[in-house]
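Structural description and commentary
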Amino acid sequence: KDGCEQFCCSICLDLLRDPVTLPCGHSYCMSCIKSHWDGEDQRRIYSCPQCRQIFIPRPVLVKNTMLAELVEELKKTELQAAPPDGCYAGPGDVACDVCTGRKLKALKSCLVCLVSYCQQHLQPHYESPAFENHKLVDPSKNLKDNLCCHHGEVMKIFCRTDQQCICYLCSMEEHKGHKTVSASAERTERQKGLRKSRKKIQQRIQVREKDLKVLQQEVEAINRSADGAVEDSEKIFSELLCLLEKRRSDVKQQIRSQQEAEASQAKELEEKLKQEIAELRRKDVELEQLSHTEDHTHFLHSYPSLSHLSGSTDIPNTDIHPLHCFQDVTAALTEFRNKLQGVLSEEWTKISLIATEPDVLLSQPEPKTRPEFLQYSRQITLDPNTANNHLALSKGNRKVKVMTEKQSYSGHPHRFTEDSQVLSRESLTGRCYWEVEWSGWRVSIAVTYPNVSRKGRTSLFGNNDKSWQLWCFEKSYQFKHNSEETFIPGPVSSRVGVYLDHRAGVLSFYNVSETMTLLHRVQTTFSQPLRAGFCLYWAGSSAEFCFFKQCCVAVRPLEANL
């Protein structure tokens, strides 16, 4: 490589490509010198990058054919003698500082020369006595860190007064009179402390490895418990389905049996009625014939027997109401279904709460700084089916604003009909944090159970035991729960943070500005998953769930009807 330097371009430091020779005799790659001169077009003065000779006008470049052939021959020779590709420095390797062109990997770095060397260029350090006191270390990219930024000298001294490495010139100037030792002596001293630190770290590793083992065992236990719970739940639901299927079959069989019995009785009665009708019609015909006879003796003799109705055909009147009977069955089943839905809804809430909040393996401290709170941030959207008709949603259902005109929402049983309120689509359990930007006058930021009333004065957030809300005013706040109010003085911020630890029963509201200030904290027991909500008064007032790009934990919504 060293013998090839005369065939290298001094601009790109690689072998010449399409070589051209300038009038001064220096040669370059055609593309390199063109790019260099393109930068000098404004001055219209063109120079050689090596000797600085000036050319006016810009010389016409012609490829040096002889030099190009020599370079090609040299490339072939180099290719035959080139080291394997694995010896060349890649993006993550320390390159040899001496190699030109394509650099080889450095084998060692010299702390005296502050240069990294490949195996070939390292040989003088092994062979020449002049380098025997040089300190060779593994290849390092940070050799320049050993140089003093003020004097450019190697820092071999440690100033204990200022606790920093310095060079010998620093020790005679700004660090004069300070307590100094050699860097190697300080290293030896600190090596002792390093051993103690390593011992503490190793002890900590042992403790953490035990914790890790316990944690892994807990995870295995959780997996086993979950698998068993899934298997048991499948069995229980299968039994419930079988029971319902059996009851369905029994009811169907009973209805069909009753239908068959009623049909059989009706058939028997039908036959009797037909016989009676036929007998009556026969008598009616005979009586009609008798009415036309002129034989008075025959008339008087036959009339008594023809006018007499036989007792066997005297069938009593019977009321038949099979339809009414089956309507009662339908009504009873409807009542049973409604009761079952109520039980399932109540019990499912308990099951969901237990299933979505397993015991934590390692307790986590409550957040104190905003970055710590943001670890639990949630992306929350509003449910249009709950929005009052005077509320308009926007920004992907994250923002709500009060409107004077009614919005064209369809009818829905979950919609608030009297107060300008709206709930979130997502259910909130575990640890959650969200922030709200609000504007206007009298804006309520609330947390509530999903089954809060949608009608009447008790549906207003804070007027019942199912909701907790913070009223935001121009100069103060007010917390309200179950109609009990707590006044909170200002100053007021347009951004409020809400932190929920569902399992611990903690609900906190924070004033978010340059710092986080606690406004109100609730300690209770939550029996259901919660929803976030807003209540707004006066046209133009608005509230918006803030969007956090770093949020990646999704909220698992529960069934809306449960």
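Structure first, text after, so check above.
Heads up: these notes are all about the structure in this document. (Residues numbered from 1 in each chain as written. Predicted model: local features only at pLDDT ≥ 70, side-chain atom pairs only at ≥ 80, totals over all residues. Heavy atoms only, no water.)

As a further point, take the side chain of Asn511. When you line up the elements, Asn511 lands in strand β20 (residues 506-512). With a relative accessible area of 6%, Asn511 lands in the buried category. In this structure the side chain of Asn511 is engaged in a polar contact, spanning 3.3 Å, whose partner is the side chain of Ser493. (Helix = DSSP H or I, 4+ residues; strand = E, 2+ residues; numbered from the N terminus. Buried < 20%, exposed > 50% of the residue type's maximum accessible area, 1.4 Å probe, protein only. Polar contact = N/O pair within 3.5 Å; in protein donor to acceptor, adjacent residues only side chain to side chain.)

Tallied over the entire structure, the rule returns 16 aromatic pairs. For the ring pair Phe373 and Tyr499, a centre distance of 5.3 Å and an interplane angle of 75 degrees mean the geometry is edge-to-face. Pair noted here: Phe373 is in helix α8 (residues 370-374) and Tyr499 is in strand β19 (residues 495-501), with a separation of 126 residues, a long-range link. Taken individually, Phe373 and Tyr499 each receive the classification buried, so the pair is uniform in this respect. (Phe/Tyr/Trp six-rings, centres within 6.5 Å; stacked < 30°, edge-to-face > 60°.)

This next bit is on a nonpolar patch on the surface. Among the surface-exposed residues, Leu241, Leu244, Leu333, Phe336, Leu340 and Leu344 lie close enough to one another that they form a single nonpolar patch of about 550 Å² accessible area. Listing elements by their share of the nonpolar patch, those giving two or more residues are α5 (183-291) and α7 (322-356). With four residues, α7 is the largest single contributor of residues to the nonpolar patch. For Leu241, the location among the structural elements is in helix α5. Accessibility expressed as a relative area gives 57% for Leu241, which makes it exposed. (Patch = residues over 30% accessible without salt bridge, like charges linked within 9 Å, V, L, I, M, F, W, Y side chains within 5 Å. Areas by Shrake-Rupley, 256 points an atom, 1.4 Å probe, with all protein chains shown as cover. Salt bridge = Lys/Arg side-chain N within 4 Å of Asp/Glu carboxyl O.)

Taken in spatial order, the three strands line up as β6-β5-β7 in an open sheet, and their pairing is antiparallel. Single-partner strands in this sheet number two, and they are β6 (115-117) and β7 (136-137). In terms of strand pairing, strand β5 (residues 108-110) meets β7 through two bridges, oriented antiparallel. When the bridges of β7 are listed, Cys110 appears paired with Leu136. Relative to β6, helix α3 (residues 119-127) is tilted by about 110 degrees, and along the sheet it contacts β5, β6 and β7. (Pairing = 2+ DSSP bridges. Contact = heavy atoms within 4.5 Å. Axes fitted to C-alpha atoms, helices over the stretch in contact; angles between N-to-C directions.)

The next thing to look at is the sheet that holds strand β22 (residues 531-536). Reading across from one edge, β13-β22-β15-β16-β17-β18 is the order of the six strands in this open sheet, with antiparallel pairing throughout. Where the open sheet ends on each side, the last strands, each with one partner, are β13 (421-423) and β18 (484-489). Ignoring which end each strand starts from, the neighbouring axes of this sheet average 20 degrees apart. Two strands pair when backbone bridges link them, and strand β15 (residues 443-448) and β22 are joined in this way by six bridges, in the antiparallel orientation. Bridging from a neighbouring strand, Ile445 pairs with Phe534 of β22.

With that out of the way, let us pick up the pattern of salt bridges. Taken as a whole and assessed by the stated rule, the structure comprises 23 salt bridges. The shortest N-O distance in the salt bridge between Arg248 and Glu245 comes to 2.4 Å. Taken together, the residues Arg248 and Glu245, both in helix α5 and three residues apart, mark about one turn of the helix. Note on Glu245: relative accessible area 40%, which makes it partly exposed. One continuous salt-bridge network, built from bridges that share partners, spans Arg370, Glu435, Glu437 and Arg495.

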